[in-house]
Amino acid sequence: MKKSIVLNQSSVGQKNIGALKTFLKNISPFNNRTDMPSVLLVLKKVFAFYLCYWTGIFLAEGLVIGGLFACGKNFLHGEMFSDDIMMLIKLYGMIVVIAASVLYWKLIEKRKLSEMGVTKNISGWFIGAVVGILLLIVSVSAIMVTGTIKFDGVSTDLDITMPLMFGGYAVQGAAEEFLSRGVVFHGLKGKVSMPVAVGANALVFTLPHLSTLGGSEPQFIISGVINLAVISCLFSFITLRTKSIWAACGLHSHWNFCLSCVLGLNLSGSEGTTSVINMHAEAANLLNGGIYGIEASIITNAAIAAGAVLLWYSYKKDNTERQA
């Protein structure tokens, strides 16, 4: 009897170990398996996101540190380039994140770049740029009507860094889209339901941005998180509508560049160093988003939500017409 109990316990233990091994194998980002429950596949893509993100950031930081030493700058003693140069290095360093995402997709997922949404037709990038600029104009104009953002005039001290900043934001926006709309969204699209794919995408897009909300008051944190989730849906819907990630890249990059370098407003809690126009927020409230900027504004939330709804219905209508 005792021997039978011991054998049964041993059998149960082996089954548990086997189940754990299967679970870990399923959620490991180092294989391209997709035959698993949706919740495990989502978890797997979250790990893939962070694998590409931290690999890219780690390598980029190493290159920056090596470059500083090569230029005679000892960062351990606080020796750095100017704020503008360091910002440019940070933005262009995101090229490494793009490379990590592409290599992951090709070597581990073993899929074509077209399946990641990286198509040869990049015209969508310009469509995204127009959508991003229009959304920004609508958002800022509506906030200015409330009197919570003021126009201070045109800057007279622009320098050569402005076009370089544009290139940097083009890289930075593309890097986030290659990760979110590429590795995660296209990794889940067609394998889980659309709401799950869009929701998981919003999750991985929002999480890395939470640190920038840390210094804000609770109401701005809540509004900022809502904005991040909604704008992630907007990026996903424009990716679906244009059948590539280029539109999301163009929208993302132009939103960030124009908000910081053209309008001179805070971008995700960070102040720009140079801008074409000088603007400032009047007091801190939910209309202007406080120190976090208009990305924590309820007015911006409404504008982006409206854009997301229009894109979703446009996508659904286009699908219906194709199937008719």
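Residues numbered from 1 in each chain as written. Predicted model: local features only at pLDDT ≥ 70, side-chain atom pairs only at ≥ 80, totals over all residues. Heavy atoms only, no water.

Remarks on the state of the cysteines
Part 1: By the definition in use, this model includes zero disulfides.
Part 2: The thiol of Cys-258 is not disulfide-bonded; the next cysteine sulfur, from Cys-261, is found 8.8 Å away. (Disulfide = S-S within 2.5 Å.)

Some remarks on the packing of aromatic side chains
Part 1: The full count for this structure, using the stated rule, is eleven aromatic pairs.
Part 2: On the basis of an interplanar angle of 80 degrees and a centroid distance of 5.2 Å, the ring pair of Phe-49 and Tyr-50 is categorised as edge-to-face.
Part 3: We classify Tyr-50 as partly exposed; its relative accessible area is 24%.
Part 4: Measuring from centroid to centroid gives 6.2 Å for Phe-49 and Tyr-53, while their planes differ by 5 degrees, and the two rings are stacked. Of the two residues, Phe-49 and Tyr-53 both sit in helix α2 (residues 38–70), four residues apart, roughly one turn of that helix.
Part 5: You can call Phe-49 buried: its relative accessible area is 3%.
Part 6: Site record: aromatic cluster; members linked through ring pairs are Trp-125, Phe-126, Phe-166, Tyr-169 and Phe-257.
Part 7: Note that Arg-181 overlies the ring of Phe-205, its terminal NZ or CZ placed 5.0 Å from the centroid. (Phe/Tyr/Trp six-rings, centres within 6.5 Å; stacked < 30°, edge-to-face > 60°. Buried < 20%, exposed > 50% of the residue type's maximum accessible area, 1.4 Å probe, protein only. Helix = DSSP H or I, 4+ residues; strand = E, 2+ residues; numbered from the N terminus. Lys NZ or Arg CZ within 6 Å of the ring centre and 35° of its normal.)

A word on the environment of Pro-163
Part 1: Here Pro-163 is to be found in helix α6 (residues 161–188).
Part 2: Classification of Pro-163 as exposed rests on a relative accessible area of 56%.
Part 3: Separated by 98 residues in sequence, Pro-163 and Cys-261 place their C-alpha atoms 9.9 Å apart.

Overview of helix α3 (residues 83–92)
Part 1: Within α3, burial applies to Asp-84, Leu-88 and Leu-91. Seen end-on, α3 carries its buried residues on one side only, within an arc spanning 65 degrees. Counted as exposed and oriented over 90 degrees from the buried face of α3: Asp-83 and Lys-90.
Part 2: Tucked into the core, α3 has its buried residues touching α6. (Arc of directions from axis to C-beta. Contact = heavy atoms within 4.5 Å.)

Here we look at the pattern of salt bridges
Part 1: Applying the stated rule across the entire model yields four salt bridges.
Part 2: Residue Arg-181 is joined to Glu-177 by a salt bridge in which the shortest nitrogen-to-oxygen separation is 2.7 Å. A residue pair is termed a helical-turn pair when its members lie 3 or 4 positions apart in one helix, as Arg-181 and Glu-177 do in helix α6 at four residues.
Part 3: For Arg-181, a relative accessible area of 0% corresponds to the buried category. (Salt bridge = Lys/Arg side-chain N within 4 Å of Asp/Glu carboxyl O.)

Quick look at the nonpolar core
Part 1: Counting residues in each nonpolar core, the largest one holds 77 residues, and the members touching the most others are Leu-136, Phe-178, Leu-188, Leu-234, Leu-265 and Ile-294.
Part 2: Element by element, the count of residues in this core is highest for α6, at twelve residues.
Part 3: Ignoring anything within four residues of it in the chain, the contact list for Leu-188 reads Leu-41, Val-42, Lys-45, Ala-197 and Ala-200. (Core = buried A, V, L, I, M, F, W, Y, C linked by side-chain atoms within 4.5 Å.)

Let's talk about a nonpolar patch on the surface
Part 1: On the surface, Val-130, Ile-133, Leu-134 and Ile-137 cluster together into a nonpolar patch covering about 340 Å² of accessible area.
Part 2: Within the fold, Val-130 resides in helix α5 (residues 123–145). (Patch = residues over 30% accessible without salt bridge, like charges linked within 9 Å, V, L, I, M, F, W, Y side chains within 5 Å. Areas by Shrake-Rupley, 256 points an atom, 1.4 Å probe, with all protein chains shown as cover.)

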